[in-house]
Amino acid sequence: MRIGVIGTGHVGLVTSVTLAEVGHAVTGADVDTEKISALNDRRAPFYEPGMEELLHRGIAEKTLVFSPDVKDAIAGMEVVFICVGTPPGAGGEANLIAVERAATDVARAATGRLVVAEKSTVPTGTASKVRRILVRDRPDLESDLEVVANPEFLREGQAIEDARYPTRILVGADSEWALDCMRKLYGPFVERGADLIETDIATAELAKHACNAFLALKISFANALARLSERAGADVTAVADVMGTDPRIGRAFLDAGLGYGGSCFHKDLMAFERLAARLGYEFPLLHEVARINDEAVAAAVEKISEALWNVQGKRVALFGLAFKPRTDDTRFAPALALARRLFDRGAQVVGYDPMASANAKAEVAELDIAPDPYEAASGAHCIVLCTEWDEFRGLDFDRLRGAMASPVVVDGRNFLDEQRVKDAGFSYYPTGRRPLP
Ligand code: UGA
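Reading the values: rules and limits
- Residues numbered from 1 in each chain as written.
- Predicted model: local features only at pLDDT ≥ 70, side-chain atom pairs only at ≥ 80, totals over all residues.
- Heavy atoms only, no water.
- Helix = DSSP H or I, 4+ residues; strand = E, 2+ residues; numbered from the N terminus.
- Rg over C-alpha atoms; globule rule 2.2 N^0.38 Å.
- Buried < 20%, exposed > 50% of the residue type's maximum accessible area, 1.4 Å probe, protein only.
- Contact = heavy atoms within 4.5 Å.
- Pairing = 2+ DSSP bridges.
- Axes fitted to C-alpha atoms, helices over the stretch in contact; angles between N-to-C directions.
- Near = heavy atom within 4 Å.
- Polar contact = N/O pair within 3.5 Å; in protein donor to acceptor, adjacent residues only side chain to side chain.
- Areas by Shrake-Rupley, 256 points an atom, 1.4 Å probe, with all protein chains shown as cover.
- Nonpolar A, V, L, I, M, F, W, Y, C, P; charged D, E, K, R; others polar.
- Left-handed = near helix turned anticlockwise from the far one by under 90°.
- Phe/Tyr/Trp six-rings, centres within 6.5 Å; stacked < 30°, edge-to-face > 60°.
- Lys NZ or Arg CZ within 6 Å of the ring centre and 35° of its normal.

### Overview of the overall build of the protein chain
Step number 1: The secondary structure content of the protein chain amounts to 16 helices and 14 strands.
Step number 2: Taken over the C-alpha trace, the protein chain has a radius of gyration of 24 Å; the compact-globule value for 437 residues is 22 Å, and the two agree within 12%.
Step number 3: C-alpha extents for the protein chain along the principal axes are approximately 75 × 50 × 40 Å.
Step number 4: With 437 residues in all, the protein chain has 54% of them scored as buried.
Step number 5: Contacts spanning at least 24 positions in sequence make up 72% of the contacts within the protein chain whose residues lie at least 6 apart.

### A look at the sheet that holds strand 12 (residues 382-385)
Step number 1: Strand order in the open sheet formed by 6 strands is 11-10-9-12-13-14, and the pairing between neighbours is parallel. Where the open sheet ends on each side, the last strands, each with one partner, are strand 11 (368-369) and strand 14 (427-429).
Step number 2: Both strand 13 (residues 408-411) and strand 14 contribute to a ladder of 3 bridges, which runs parallel. Residue pairing in the sheet places valine 408 in a bridge with serine 427 of strand 14.
Step number 3: Of the strands in this sheet, strand 9 (315-319), strand 10 (348-352) and strand 12 touch helix 12 (residues 334-344), which is tilted by about 175° from strand 9.

### Concerning the site of the ligand
Step number 1: Taken together, 21 residues sit near the ligand, with Glu156, Lys208, Asn212, Cys264 and Phe323 positioned nearest.
Step number 2: In the model, an oxygen atom of the ligand is placed 2.7 Å from a nitrogen or oxygen of the asparagine 212 side chain.
Step number 3: A distance of 3.1 Å is found between an oxygen atom of the ligand and a side-chain nitrogen or oxygen belonging to arginine 413.
Step number 4: A total of 720 Å² of accessible area belongs to the ligand in isolation, and the protein chains cover 91% of it.
Step number 5: At the level of elements, helix 8 (201-232) and helix 10 (265-278) are the ones that each hand at least two residues to the shell around the ligand.
Step number 6: Taken together, the residues of the shell around the ligand break down into 10 nonpolar, 3 polar and 8 charged.

### With respect to the packing of helix 4 (residues 97-109) against helix 5 (residues 126-137)
Step number 1: Relative orientation of the contacting elements helix 4 and helix 5 amounts to 35°, with a least axis distance of 9 Å. Like other packed secondary-structure pairs, helix 4 and helix 5 cross with a definite hand, here right-handed. Every residue of helix 5 that contacts helix 4 at Val99, Glu100, Ala103, Thr104, Val106 and Ala107 is listed here: Thr126, Val130, Ile133, Leu134 and Asp137.
Step number 2: A per-class count over the contact of helix 4 with helix 5 returns 7 nonpolar, 2 polar and 2 charged.

### Quick look at the packing of aromatic side chains
To describe a pair of aromatic rings, you give the distance between the ring centres and the angle between the ring planes.
Step number 1: Scanning the model with the defined rule gives 8 aromatic pairs in all.
Step number 2: Aromatic side chains tyrosine 260 and phenylalanine 265 sit 5.6 Å apart centroid to centroid with 80° between the ring planes, which places their arrangement in the edge-to-face category. Each member of the pair, tyrosine 260 together with phenylalanine 265, is buried.
Step number 3: Ring pairing ties together the aromatic residues Phe253, Tyr260 and Phe265, which thus form one cluster.
Step number 4: In this structure, arginine 168 is placed above the aromatic ring of phenylalanine 153, and the distance from its NZ or CZ to the ring centre is 3.9 Å.
Step number 5: Taking NZ or CZ as reference, arginine 192 lies 4.8 Å from the ring centre of tyrosine 165, over its face.

Written out as structure tokens, the structure is:
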């Protein structure tokens with residue numbers, strides 16, 4: 001099928017390369033001309049495992065092209081995906097200017113029957129607004145232009161695998177022919193075992209926000225339990241394990257630590273809360289989820305202060321700057337929130353990350369960046385494990401200790417082997433439990 005994708009960010013690009021891989025003819029468009037020329041040179045603008053390979057393959061097999069002209073991704077297409085950004089506006093609501101612009105572009109360039117698939121995370125009601133623009137601007141194509149909601153469930157760092165072998169694909173449609181078109185589009189993925197869930201549009205839009213809000217809620221629940229476990233002398237990981245044995249609860253997303261980061265949970269939670277308020281329903285639970293998430297970073301600052309007595313003038317080494325492992329993304333990374341709070345208290349902060357250092361430096365200019373963990377530890381009074389990169393499991397703690405001004409490790413993800421760290425002579429501060437005696 002002929003597919004257009006408007007927006008080549010994380011979602012748009014992963015969508016483009018994976019649809020091209022199954023044989024659809026995909027044209028991706030973006031207003032960022034530099035990004036488009038890099039993509040046509042087969043260079044991805046961000047790191048995502050498996051991305052470059054599919055980009056190369058799609059371009060070589062000519063199933064994938066990129067254009068700076070949005071018309072190329074609309075005219076003559078059967079499905080056009082809207083994958084533009086929906087950043088938070090001043091009050092936390094989703095800013096939908098780019099979605100509106102994309103809808104206007106589609107109306108201007110549509111040449112015939114076309115399904116517009118909304119993939120960006122948007123508040124319920126957005127699809128009907130997109131449709132209103134299409135009908136307003138193209139009354140001649142009123143019965144040929146349909147909008148469907150097709151939210152994504154990709155996880156950064158494994159987005160390509162999630163998109164190639166999805167467990168579920170959600171399509172919200174109010175029109176049978178548009179739904180048929182999406183069934184055909186996703187046929188190859190259903191053959192690979194994906195469950196195609198078909199709902200009305202409002203349900204699909206709401207379900208996406210509900211999923212992300214609920215995942216964030218689970219994490220904040222675990223972090224609240226961490227605060228409580230520290231006070232009660234319990235072990236939050238063991239508490240989560242017990243909870244996880246109940247299949248009604250499930251173990252996933254109950255890992256306490258520095259809290260969630262990334263571009264989705266913060267933004268979606270705020271937007272969901274604003275949407276609820278706009279619809280006349282107060283949903284303060286969502287606000288509380290965000291508050292507990294902030295508290296997780298504040299608790300780490302307190303722990304560091306307790307370990308170092310005075311933070312002012314001390315050097316703190318942050319291990320891991322990305323918001324989670326296997327990505328170079330630092331948007332809303334807890335490590336950077338922690339760095340900012342430590343700077344406020346007069347600390348010097350140095351960071352090391354296998355992949356995200358450049359992005360971290362671009363966000364927090366005063367952060368020192370080290371080329372490896374041992375340089376980061378040099379002269380430091382404390383190491384804080386912020387992101388659970390695999391390589392941190394193999395650290396030589398004797399060597400780290402030898403380089404440091406004082407041997408303190410705060411494990412913000414309960415990731416390190418406590419006994420090994422202690423055997424090397426460190427004071428070890430876990431999250432959500434007391435250190436071993
Ligand atoms: C999230 C969702 O998991 C995806 O399903 C969704 O499609 C995506 O947002 C989106 O809306 O685009 P992502 O932001 O890539 O995906 O990252 P997650 O793997 O969900 O992790 C989010 C954050 O939660 C990370 O900072 C991670 O360290 C933290 N986390 C996760 C915890 O602190 N504890 C846990 O138990 C799990």
